[in-house]
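The residues making up each chain are set out below.
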Amino acid sequence: MSTARTPSAASGPFVVFDLDGTLVDSEPNYYEAGRRLLARHGVPDFSWEHHTRYIGISTRETLEGLRAEYGIGAPVDELLVLKDRLYLELARASTEVFPEMRKFVELLYAQGVPMAVASGSSRAAIGAVLGATGLDPYFTLYVSAEEVPHGKPEPDVFLEAARRLGADPADCVVLEDAAPGVLAARAAGMRCVAVPYVAGTADDPAFRGAELLFARGQDEFTARAAYAWLTGTEHGRE
């Protein structure tokens, strides 16, 4: 069951989407790219469960953590180039948009709501995914964590998205699937709609900071419910 606090009146809204795990189900591709990368460096048993510990963290910071954990000698920049190449091959071949998220994007676009993507992925990866999924016409503005000093849970990527949108952070609403992203949204002074990607994480204290929480993730999220909350027309919820 979703829980919500009614949004305050704002001159926006401006809506900023996380990409991976929120708009698109790209985590399986990120896991497979990471698994192949680590296998090349002598780590044969990288599991999905281990991968989920890094969901919501930028690619660079993920690789920094894995490099330290497994004692990999290659520089982070070298690992980043290879993982991006592996991921892009997978992403271009197959990336699924969550159906209700696509409906939500189309609804916002039709109503003229300004939107952006703010992601921990590389700029090349964001562009490739948006192009492969047909979302690129809706998101001419996107920000990568590689363009700001710090990734999530720091607020930098969301603040930069607001700057490029010409928006006050208080007028922005973020959609996020992971605890670090919710923390980043709150640190940026933005409202947040949380749609947890990993089952069972909705009780993470970070999610309590979201104004709207779909505790069962994409199984519960609907475009109609999110739009009704965003516009203050709660009677439109399903």
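A short tour of the structure in this document, coming up. (Residues numbered from 1 in each chain as written. Predicted model: local features only at pLDDT ≥ 70, side-chain atom pairs only at ≥ 80, totals over all residues. Heavy atoms only, no water.)

Moving on to the overall build of the protein chain. Of regular secondary structure, the protein chain possesses nine helices and seven strands. On C-alpha atoms alone, the protein chain measures out to a radius of gyration of 17 Å, which is about the 18 Å that the 2.2 N^0.38 rule sets for 238 residues. Reported as C-alpha extents along the three principal axes, the dimensions of the protein chain are approximately 55 × 35 × 30 Å. By sequence separation, contacts in the protein chain at least 24 residues apart represent 64% of the contacts at least 6 residues apart. Of the side-chain charges in the protein chain, 22 are positive and 34 negative, and the distance between the mean point of each set is 1 Å. (Helix = DSSP H or I, 4+ residues; strand = E, 2+ residues; numbered from the N terminus. Rg over C-alpha atoms; globule rule 2.2 N^0.38 Å. Contact = heavy atoms within 4.5 Å. Lys, Arg positive; Asp, Glu negative; His and termini not counted. Charge placed at Lys NZ, Arg CZ, Asp CG, Glu CD.)

The next thing to look at is the state of the cysteines. The tally for this structure, following the rule as stated, stands at zero disulfides. Unpaired in this structure, Cys172 has its nearest cysteine sulfur neighbour in Cys192, at a distance of 12 Å. Note on Cys172: relative accessible area 0%, which makes it buried. (Disulfide = S-S within 2.5 Å. Buried < 20%, exposed > 50% of the residue type's maximum accessible area, 1.4 Å probe, protein only.)

Turning our eyes to something else, we now look at empty space enclosed by the protein. Applying the stated rule across the entire model yields two cavities of 30 Å³ or more. As for the largest cavity, its lining consists of 20 residues, of which Asp20, Glu27, Tyr54, Gly56 and Ile57 are closest to the centre. Within the residue set of the lining of the largest cavity, elements represented by two or more residues are helix H1 (27-40) and helix H3 (59-70). When grouped by side-chain class, the residues that make up the lining of the largest cavity number five nonpolar, eight polar and seven charged. Counted as a void, the second largest cavity has a volume near 30 Å³. Lining the second largest cavity are Tyr30, Gly34, Phe46, His51, Tyr54, Thr62, Leu66 and Lys83. Of all the elements in the fold, those that place two or more residues in the lining of the second largest cavity are H1 and H3. When grouped by side-chain class, the residues that make up the lining of the second largest cavity number four nonpolar, three polar and one charged. (1 Å grid on protein atoms, 1.4 Å probe; cavity = no way out; pocket = protein on both sides within 12 Å on 5 of 7 lines; lining within 4 Å. Points joined across faces, edges and corners; volume = space filled by probe spheres on them. Nonpolar A, V, L, I, M, F, W, Y, C, P; charged D, E, K, R; others polar.)

What follows covers the pairing of strand S5 (residues 172-176). By the criterion of burial, S5 is predominantly enclosed, with five of the five residues buried. Here S5 shows a buried face lined by Cys172, Val174 and Glu176 and a second buried face lined by Val173 and Leu175. Bridge count for strand S2 (residues 14-17) against S5 is four bridges, and the pairing is parallel. The residue bridging Val16 from the neighbouring strand is Val174, located in S5. Pairing between S5 and strand S6 (residues 191-194): four bridges, direction parallel. Note that in S6 the partner of Leu175 across the bridge is Val193. As for the winding sense of the linkage, the β-α-β connection from S5 through helix H8 (residues 179-187) to S6 is right-handed. (Pairing = 2+ DSSP bridges. Right-handed = clockwise from strand over helix to strand, strands pointing away.)

That is the geometry; function is a separate question.
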